[in-house]
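Architecture at a glance
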Amino acid sequence: MDFITRSSAALQAWRDLLGPAQVLDSDLAWREYGADTSGLQRRLVGALRVQDAEQVAPIVAIAARYEVPLYPISTGKNWGYGTALPVRDDCVILDLGALRRIIHFDAELGVVTLEPGVTQGQLADFLDQGGHPFLVPVTGAGPHCSLIGNALERGYGITPYTDHFGAVTDLEAVLADGSSYRSALREAGGEDLARLFRWGIGPYFTGLFTQSGFGIVTRMSIQLARRPECVKAILFSLKEDALLEAAVERVRLILQRLPGIVGGINLMNQRRVLAMTAPFPVDRLDERGLIPEAFVRQLGAQYQILPWTGFGTLYGPRRLVIAAQREIRQALSGVASRLLFLSPEQASTLSGIARRLPGGFARRLAHTTGTLAKSLELVAGRPNETALPLCYWRNPRPLTDGPLDPARDGCGLRWYAPLVPMRPEAVRAYVEMVKRIAPAHGIEPLITLTSISDRIFDSTIPVVFQRDDATAQAAASACYAELLEAGRGLGCFPYRVGVDGMDRLEGLLGESRTFHARLRGAFDPQGILAPGRYG
Ligand SMILES: Cc1cc2nc3c(=O)[nH]c(=O)nc-3n(C[C@H](O)[C@H](O)[C@H](O)COP(=O)(O)OP(=O)(O)OC[C@H]3O[C@@H](n4cnc5c(N)ncnc54)[C@H](O)[C@@H]3O)c2cc1C
């Protein structure tokens, strides 16, 4: 049988299994899942909407029988990394978004076991309604994104458990032969222990299911951080770009001295903060389509944004947070200006006052304080859409009603997200590299450095472009490729790549690729689960 005959036989078998309404043919699948923020296109065989976790094993059996590959998604909002699209053409998307059960919640110890379709927003509502004092591990991607897809990509946020896979204790998955994976501790010691202890017993396998496609994860247990008595944001600015190196040293010192109290610290350049604060000045661009440096300075003065802005988080008992504020003030003295500690309540009061003031300056202030108040909600574990308008910055289309969806709304975005050692000279070399390469492709150099530990930052560069312009799309792709190469030359490399970055990654690998291929050969010899994912 050729591939077309096999795939139509498989679609028919899936219709018999799931009912016709849950099986989308190629055209429908493309309409539903085909849009991607990087403008990537994939040929899709179809899509399946799973209604019950028990359906996954028989779905996989059909895929194996007809050798038609599946690509699992949780909510499919992997914006900037391929959205819902597979690495390779000719896959069937396996949409697990309708599996929205919170299977178990340990209210005493704060561990939740959930299905792939459970979103950040759903978990926040669940915790609120039950009066459970725990935080959702939020990301900037908003309330409609999954917890499982994000943890499987090893995403991160700024609540106390910043490393989202780091908080995962146990999971269950369906393998390519239709069998199930359960952890040894769960089988030998029971579900309760497996939910409470990450490493299990014997070889540690849970991590094998992240960034791999080795199995279809149908449930996951995640530890939640307890809501602390006091939550505060640390805000500061650097008056001059030349203070960056000193700031990196001081940030490192703060993280070393105050582990557990400081959640994380972000450093953002002026253009990055302006992208969240000011409208894109279409009528003031230079010949490359970029905002001229002089106008950036003018906007900076108007919106009170200095060359670098620091944004960090503090969590803990009130007295400890107050003591930490003193330490931080001391550590940043002589480097940072406008140091401020703000609780979510204070930020919301400030925003309310600014909204009532008259005049142009007050309007800008109201916008800035409004964004700040929303960011503090995120810090306090309440997901919202405040980070998403960034994708719309260069997008000429008006926002549609309902939840923001940058892929659907035609926004152009790719994330370049390299790890950068927390050394002043490494950070400087990296920043200069981004400032040189991005503008050469007509891309604004929007730089964030987020502390992952007291040793390393992850930097996120949103390559924001106009998706309906083929030239801009090609430039964004070339920009990403050059950033990746130049960053690698400096010792910086992404912690995660988009679906069209897998080939490039593979090309850099040697023995690690052989090891991966041996595991893949053992788990999935026919290559029917997420083929090509990370090697
Ligand atoms: C403005 C903006 C801000 C963002 N901020 C953040 C941020 O702060 N932190 C962050 O980490 N990301 C961020 N993102 C990136 C991304 O949107 C999120 O990581 C998002 O959570 C991923 O989408 P998802 O949860 O729908 O996962 P999905 O798209 O469903 O899954 C991601 C990948 O994991 C695999 N997968 C998913 N589910 C399964 C399963 N059940 N079994 C096996 N494999 C599976 C698939 O290969 C899939 O492609 C941001 C994006 C934007 C546009």
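Residues numbered from 1 in each chain as written. Predicted model: local features only at pLDDT ≥ 70, side-chain atom pairs only at ≥ 80, totals over all residues. Heavy atoms only, no water.

**Topic: the domain arrangement of the protein chain**
To be explicit about the condition: Residue ranges assigned to each domain were obtained from an automatic or database domain assignment. Only heavy atoms matter for contacts: two residues are in contact if any of them lie within 4.5 Å across the pair. Once two parts are brought into contact, the accessible area they lose, counted with a 1.4 Å probe and summed over both, makes up the buried area. The working definition used for a salt bridge is a side-chain nitrogen of Lys or Arg within 4 Å of a carboxyl oxygen of Asp or Glu. Counting of polar contacts relies on pairs of N or O atoms within 3.5 Å, with two restrictions inside protein: one atom must be capable of donating a hydrogen and the other of accepting it, and residues adjacent in sequence are counted only when both atoms are side-chain atoms. Note that Gly is not counted as nonpolar here; it falls among the polar residues with everything else outside the nonpolar set of Ala, Val, Leu, Ile, Met, Phe, Trp, Tyr, Cys and Pro and the charged set of Asp, Glu, Lys and Arg.
Each domain of the protein chain was delimited in the assignment, giving domain 1 (102-223) and domain 2 (230-342 + 385-494). Of the residues lining the interface, 10 residues belong to domain 1; the matching set on domain 2 comes to 13 residues. Contact between domain 1 and domain 2 buries roughly 910 Å² in total, counting both sides, with carbon and sulfur atoms accounting for 68%. On the surface where domain 1 and domain 2 come into contact, there are zero salt bridges. Counting across the interface, domain 1 meets domain 2 through two residue pairs in polar contact (both at pLDDT 80 or more). Residues belonging to the side of domain 1 that touches domain 2 are distributed by class as follows: six nonpolar, four polar and no charged.

**Quick word on unusual backbone geometry**
With the exception of glycine, the majority of residues adopt a negative phi angle, and the majority of peptide bonds are in the trans configuration. What counts is decided by this rule: Each helix corresponds to a stretch of at least 4 residues labelled H or I by DSSP, and each strand to a stretch of at least 2 residues labelled E; elements are numbered beginning at the N terminus. Note on exposure labels: buried denotes an accessible area under 20% of the residue type's maximum, exposed denotes more than 50%, and partly exposed covers the range between, all computed with a 1.4 Å probe on protein chains only.
A positive phi angle is found at Asp90, which is not glycine, with a value near 65 degrees. Within the fold, Asp90 resides in the loop between strand E3 (70-73) and strand E4 (91-95). With a phi angle near 50 degrees, Arg338 is a residue other than glycine that sits in the positive phi range. By relative accessible area, Arg338 is classed as partly exposed at 41%.

**What about the site of the ligand?**
Condition: Nearness is defined per residue: one heavy atom within 4 Å of the molecule or strand is enough. All accessible-area figures derive from a Shrake-Rupley calculation using a 1.4 Å probe, and residue coverage is judged against the displayed protein chains alone.
Inspection of the region around the ligand gives 34 residues, with Ser74, Thr75, Lys77, Ser146 and Arg496 positioned closest. Between Ala141 and the ligand, the recorded distance is 3.4 Å, taken from a backbone N or O atom to a nitrogen atom. One of the side-chain nitrogen or oxygen atoms of Asn150 is found 2.8 Å away from an oxygen atom of the ligand. Out of a free accessible area of 960 Å², the ligand has 94% covered by protein chains. Listed by contribution, the elements that provide at least two residues to the shell around the ligand are E3, helix H5 (148-152), strand E9 (216-223) and strand E14 (411-416).

**So, empty space enclosed by the protein**
Heads up, the condition is: Cavity: a set of points on a 1 Å grid over the protein atoms alone where a 1.4 Å probe fits but cannot get out. Pocket: an open set with protein on both sides within 12 Å along at least five of seven lines, its lining residues, like those of a cavity, having an atom within 4 Å of a point. Grid points are joined across faces, edges and corners, and a volume is the space filled by probe spheres set on the points.
Scanning the entire structure with this criterion turns up seven cavities of 30 Å³ or more. There is about 90 Å³ of room inside the largest cavity. As for the largest cavity, its lining consists of 16 residues, of which Ser183, Trp199, Gly200, Ile201 and Thr206 are closest to the centre. Of all the secondary structure elements, the ones that give two or more residues to the lining of the largest cavity are strand E7 (168-174) and helix H6 (184-189). Grouping the constituent residues of the lining of the largest cavity by class yields 10 nonpolar, four polar and two charged.

**Some details on the sheet that holds strand E6 (residues 111-114)**
What counts here: Each pair of strands is called paired provided DSSP finds at least two bridges between the two strands. To obtain an axis, a line is fitted to C-alpha atoms, over the contacting stretch when the element is a helix, and the angle between two such axes runs from 0 to 180 degrees between their N-to-C directions.
Pairing is antiparallel in the open sheet, where five strands are placed in the order E5-E6-E9-E7-E8. On the outer flanks of this sheet lie strand E5 (102-106) and strand E8 (180-181), each paired with one strand and no other. Inspection of the sheet shows E6 paired to E9 by four bridges, in the antiparallel sense. Paired with Thr113 across the strands is Ser221, a residue of E9. This element, helix H4 (residues 120-130), spans E5 and E6 of the sheet and lies at about 45 degrees to E5.

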